[in-house]
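Spelled out from the first residue to the last, the chains are:
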Amino acid sequence: MIPLLLFSGLMILRVDRAELKQQKMSKEQKFSTFLGVTNIVLAFSFFVLRMVLF
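Because the structure is a prediction, the values reported are computed rather than measured. (Residues numbered from 1 in each chain as written. Predicted model: local features only at pLDDT ≥ 70, side-chain atom pairs only at ≥ 80, totals over all residues. Heavy atoms only, no water.)

Engineer: Teacher, can you tell me more about the overall build of the protein chain here?
Structural biologist: When you go through the protein chain residue by residue, the secondary structure sums to two helices and zero strands. On C-alpha atoms alone, the protein chain measures out to a radius of gyration of 13 Å, which is more than a quarter above the 10 Å that the 2.2 N^0.38 rule sets for 54 residues. In the protein chain, which comprises 54 residues, the share counted as buried stands at 19%. Residue pairs at least 24 apart in sequence account for 64% of intrachain contacts in the protein chain once pairs closer than 6 positions are excluded. (Helix = DSSP H or I, 4+ residues; strand = E, 2+ residues; numbered from the N terminus. Rg over C-alpha atoms; globule rule 2.2 N^0.38 Å. Buried < 20%, exposed > 50% of the residue type's maximum accessible area, 1.4 Å probe, protein only. Contact = heavy atoms within 4.5 Å.)

Engineer: What should I look at first to understand helix α1 (residues 2-22) in this one?
Structural biologist: The periodicity of an α-helix, 3.6 residues per turn, causes residues three or four places apart in sequence to face the same way. Between the first and last C-alpha of α1 there are 30 Å, a value that for 21 residues agrees with the 30 Å anticipated at 1.5 Å per step. The largest bend along α1 measures about 30° and falls at Ile 12. Of the positions making up α1, those classed as buried are Ile 2, Leu 5, Gly 9 and Leu 20. Lining the buried residues of α1 we find α2 (26-53). At the exit of α1 stands Lys 24, carrying a positive phi of roughly 55°. (Expected span 1.5 Å × (residues − 1). Bend = angle between axes of the 7 residues up to and from the residue.)

Engineer: Whenever I open this one, α2 confuses me. Can you help?
Structural biologist: For α2, spanning 28 residues, the distance from its first C-alpha to its last is 40 Å, which sits close to the expected 40 Å at 1.5 Å a residue. Buried residues of α2: Gln 29, Ser 32, Gly 36, Asn 39, Ile 40 and Ala 43, and no others. Where α2 is buried, its residues touch α1.

Engineer: I keep staring at the side chain of Ser 32 and nothing clicks. Help me out?
Structural biologist: Secondary-structure assignment places Ser 32 in helix α2. Only 3.0 Å separates the side chain of Ser 32 from the side chain of Asp 16, close enough to count as a polar contact. Look past the residues within four positions of Ser 32 in its chain and what remains in contact with it is Ile 12, Asp 16, Arg 17 and Leu 20. (Polar contact = N/O pair within 3.5 Å; in protein donor to acceptor, adjacent residues only side chain to side chain.)

Engineer: Which parts of the structure should I look at to understand a nonpolar patch on the surface?
Structural biologist: Together, Met 1, Leu 42, Phe 46, Phe 47, Val 48, Leu 49, Met 51, Val 52, Leu 53 and Phe 54 make up an exposed nonpolar region whose accessible area comes to about 1100 Å². Mapped onto the elements, Met 51 comes out in helix α2. A relative accessible area of 52% places Met 51 in the exposed class. (Patch = residues over 30% accessible without salt bridge, like charges linked within 9 Å, V, L, I, M, F, W, Y side chains within 5 Å. Areas by Shrake-Rupley, 256 points an atom, 1.4 Å probe, with all protein chains shown as cover. Salt bridge = Lys/Arg side-chain N within 4 Å of Asp/Glu carboxyl O.)

Following this line, the structure appears as structure tokens:
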């Protein structure tokens, strides 16, 4: 689950944001950034929790 969250977060930040930037869709670009960062933060927090608890 952790690698999937990291991968999807990075892909959202790299691919989706770039595509939305080309089409000049600023609201969608901000939401895409929020989703990408949220996925990465969740992945890191799950990783830390797994290291602490197990």
